[in-house]
Amino acid sequence: VTHVTGNILTSPLPLPTGVENDYQTVKARCTQHFTGVEYYQLQLERRIYLGPAYQWMEWVQRGDYEAICQIHLPEEVLDVDQYQLHPGLIDTCFGLLMVSAPIQVTGTFVPFSVEQVRFYQRPKDFPLWSHAKLRAQPDDRRLTGDIRLFDQAGRLLAEFIGFQGIQAAREKFLEKEHQTDFSDWFYEIGWQPQQLS
């Protein structure tokens, strides 16, 4: 079964024109403020636990179908230089789209698809900021929007165009046909002594 298809273009991308990169303008439109602690508590209530290495949002503000956040590098993340975009940073951008939904949209949403990922340059310094904007009013099952990541000078680092989250119903994961018997999957570790080199 084919689950994913894609094309990779490795030549440098020209920066798009018309992208809103004015931090203060976007922030002024997004007036509902949450601290990072409040945001991660909201995620916990939606049954999404993000450990310290995945808690990059310092604060987040919500507007009408859009949100902006400031991103810092958690002290627990020691391998950021090994990635063009660290998985925790990508996950933070995805989580911002959930914040852009109206407060009455509840439930757990999981990443489902993305039309395009455009990578322009690697982040050099923190903090960064991200802007997510929904394309249409969300329903209880689906969110679709565009997410952009910027440095403090407003330079575009990456875009997730047409990112879509689908609501994950807990009952579906607990249905009998999705339960697997793991009793015969266990392995026993047998340590073998070796001479030190």
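Please read these numbers as outputs of a predicted model, since none were measured by experiment.

Criteria and cut-off values
Residues numbered from 1 in each chain as written. Predicted model: local features only at pLDDT ≥ 70, side-chain atom pairs only at ≥ 80, totals over all residues. Heavy atoms only, no water. Core = buried A, V, L, I, M, F, W, Y, C linked by side-chain atoms within 4.5 Å. Buried < 20%, exposed > 50% of the residue type's maximum accessible area, 1.4 Å probe, protein only. Helix = DSSP H or I, 4+ residues; strand = E, 2+ residues; numbered from the N terminus. Contact = heavy atoms within 4.5 Å. Arc of directions from axis to C-beta. Pairing = 2+ DSSP bridges. Phe/Tyr/Trp six-rings, centres within 6.5 Å; stacked < 30°, edge-to-face > 60°.

### What to know about the nonpolar core
Here comes step 1: Judged by nonpolar contacts, the single largest core of 32 residues is most densely connected at Val60, Leu96, Ile147 and Leu149.
Here comes step 2: Secondary structure elements with two or more residues in this core: helix 2 (36–45), strand 2 (57–62), strand 3 (66–71), helix 3 (87–99), strand 6 (128–134), strand 7 (142–150) and strand 8 (156–167).
Here comes step 3: The element best represented in this core is helix 3, accounting for seven residues.
Here comes step 4: Valine 60 has contacts with Gln32, His33, Phe34, Tyr39, Ile68, Cys69, Leu96 and Val99, leaving out every residue within four places of it along the chain.

### Some thoughts on helix 2
Here comes step 1: Residues Gly36, Tyr39, Tyr40, Leu42 and Gln43 constitute the buried set of helix 2. Along the long axis of helix 2, the arc covered by the buried residues comes to 150°, so they all point the same way. Along helix 2, exposed side chains directed more than 90 degrees from the buried face belong to Val37 and Glu45.
Here comes step 2: As for helix 2, its buried residues are in contact with strand 1 (32–35), strand 2 and helix 3.
Here comes step 3: Within two residues after helix 2, arginine 47 carries a phi angle of roughly 70°, on the positive side.

### Topic: the pairing of strand 7
Here comes step 1: Relative to strand 7, strand 6 is paired through six bridges, and the arrangement is antiparallel. Looking at the pairing, alanine 132 lines up with isoleucine 147 of strand 7.
Here comes step 2: When strand 7 meets strand 8, the two strands line up antiparallel, connected through eight bridges. In the strand pairing of strand 8, leucine 143 is matched with glycine 165.
Here comes step 3: Hairpin connection between strand 7 and strand 8: a loop of five residues separates the two successive antiparallel strands, and glycine 154 in this loop has a positive phi of roughly 85°.

### Structural notes on the packing of aromatic side chains
Here comes step 1: This model, assessed by the stated rule, comprises seven aromatic pairs.
Here comes step 2: The interplanar angle of 55° and the centroid separation of 6.4 Å between the aromatic rings of tyrosine 23 and tryptophan 59 together place this pair among those described as tilted. One end of the pair, tyrosine 23, is in helix 1 (residues 23–29); the other, tryptophan 59, is in strand 2, and 36 residues separate them in sequence.
Here comes step 3: Since its relative accessible area comes to 11%, tryptophan 59 is described here as buried.
Here comes step 4: For the ring pair tryptophan 56 and phenylalanine 126, a centre distance of 5.9 Å and an interplane angle of 55° mean the geometry is tilted. One end of the pair, tryptophan 56, is in the loop between helix 2 and strand 2; the other, phenylalanine 126, is in the loop between strand 5 (116–119) and strand 6, and 70 residues separate them in sequence.

### Things to note about the environment of histidine 72
Here comes step 1: Among the structural elements, histidine 72 can be located in the loop between strand 3 and helix 3.
Here comes step 2: In this structure histidine 72 comes out as partly exposed when scored by relative accessible area, which is 27%.
Here comes step 3: Measuring from C-alpha to C-alpha, the distance between histidine 72 and glutamate 58 comes to 6.2 Å, with 14 residues separating the pair along the chain.
Here comes step 4: Excluding anything up to four places from it in sequence, histidine 72 contacts Gln55, Trp56, Met57, Glu58 and Phe126.

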